[in-house]
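Descriptive analysis of the structure
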Amino acid sequence: MAFSIAIDGPAGAGKSTIAKELAKRLSFVYVDTGAMYRAIGLYLLRNQISPKDESSVEKACKEIQISISYEDGVQQVFLNGENVSEEIRKEEVGNMASAGAKNRKVREKLVELQRELASKADVVMDGRDIGTCVLPNANVKIYLTASVHTRAVRRYQEYLAKGEKITLEEVEKDIENRDYQDMNRAISPLKQAEDAVFLDSSDMGIEEVLETMISVYEKSK
């Protein structure tokens, strides 16, 4: 029987970083749901499709193929056969992904794929609605968060490392907007599952967060 760990939380909480390392330590498969949504966001951007244009988005979903593979332990995301791992990390793609996630057809397409992955292997899956919607019967659920300022500083440092020009104030405002979008969307809004463990990482290092999660996992077995 496959074992699943669902990690939910707002933008910039460190979900992907933590989930990847947790999966590695437990020898689980890491499923990056955010990357899947970003790949669809990139397709919509490239084809100048508004996420509010229901019929065009529905048509696009039928034309989109997304796959994830690992090369030397590094995740590679493919959109219709093209490796888009770097391009999907751009800020405008993230914003389009958040907007596109409101569309029912986008969510239906990706939820089906995510559930299929979880049924075949032990997985760590992170996102906005994994424990509440995608994997409501996950063996372990964790809601990982941090203060807006803490999350903004983390994102800001990532952008600086990539050489991107942006101010901390811009990043903080963007995160506030993303939180509002994610928590107030009509379809599967971001919220803590009733049976999820709440984990605020504002004053915690990566290692401390991982140790806490592994402890939660050990107790659940």
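Within every chain, residues take consecutive numbers counted from 1 along the sequence as written. Reporting of local features is limited, given that this is a predicted model, to residues whose pLDDT is at least 70; pairs of side-chain atoms are given and counted only at 80 or more, and all residues count toward the totals for whole chains, interfaces and linings. Note: side-chain values were computed over all heavy atoms of the structure, leaving out hydrogens and water.

**Remarks on the UniProt feature "domain: Cytidylate kinase" (unreviewed entry) in the protein chain**
Mapped onto this structure's residue numbering, the UniProt feature "domain: Cytidylate kinase" (unreviewed entry) falls at residues 5–218. Per the convention used, a helix needs a DSSP run of H or I reaching at least four residues, while a strand needs a run of E reaching at least two, with both numbered from the N terminus. The span residues 5–218 is 52% helix and 17% strand, and its two end C-alpha atoms sit 12 Å from each other. UniProt positions are given in the numbering used here, feature names are shortened, and annotations may be inferred rather than shown by experiment.

**Here's the deal with the sheet that holds strand E7 (residues 140–145)**
Whether two strands pair depends on DSSP finding at least two bridges between them. Ordered in space as E2-E6-E1-E7-E8, the five strands form an open sheet in which the pairing is parallel. Single-partner strands in this sheet number two, and they are strand E2 (29–32) and strand E8 (197–200). Each strand of the sheet is rotated relative to its neighbour by a mean of 20°, with strand direction disregarded. Examined bridge by bridge, strand E1 (residues 4–8) and E7 share four bridges and lie parallel to one another. By the bridge assignment for E7, Ala 6 is matched with Lys 141. A fitted line through C-alpha atoms serves as each axis, taken over the contacting stretch for helices, and the angle formed by two N-to-C directions is quoted from 0 to 180°.

**Re unusual backbone geometry**
A positive phi angle is found at Gln 48, which is not glycine, with a value near 50°. You can see Gln 48 is positioned in the loop between helix H2 (33–46) and helix H3 (54–63). The phi angle at Ser 188 is positive, at roughly 45°, despite the residue not being glycine. Mapped onto the elements of the fold, Ser 188 is located in the loop between helix H8 (168–184) and E8.

**Quick look at the pattern of salt bridges**
Each reported salt bridge corresponds to a side-chain nitrogen of Lys or Arg within 4 Å of a carboxyl oxygen of Asp or Glu. Tallied over the full model, the rule gives 16 salt bridges. Two residues, Glu 87 and Arg 46, come together in a salt bridge whose shortest N-O distance is 2.8 Å. You can see Glu 87 sitting in the loop between strand E5 (82–83) and helix H4 (91–100) and its partner Arg 46 sitting in helix H2, a full 41 residues away along the chain. Note on classification: 1.4 Å probe, protein chains only; a residue is buried when its accessible area is under 20% of the maximum for its type, exposed when over 50%, partly exposed between these limits. On the accessibility criterion, Glu 87 (26% relative accessible area) is partly exposed.

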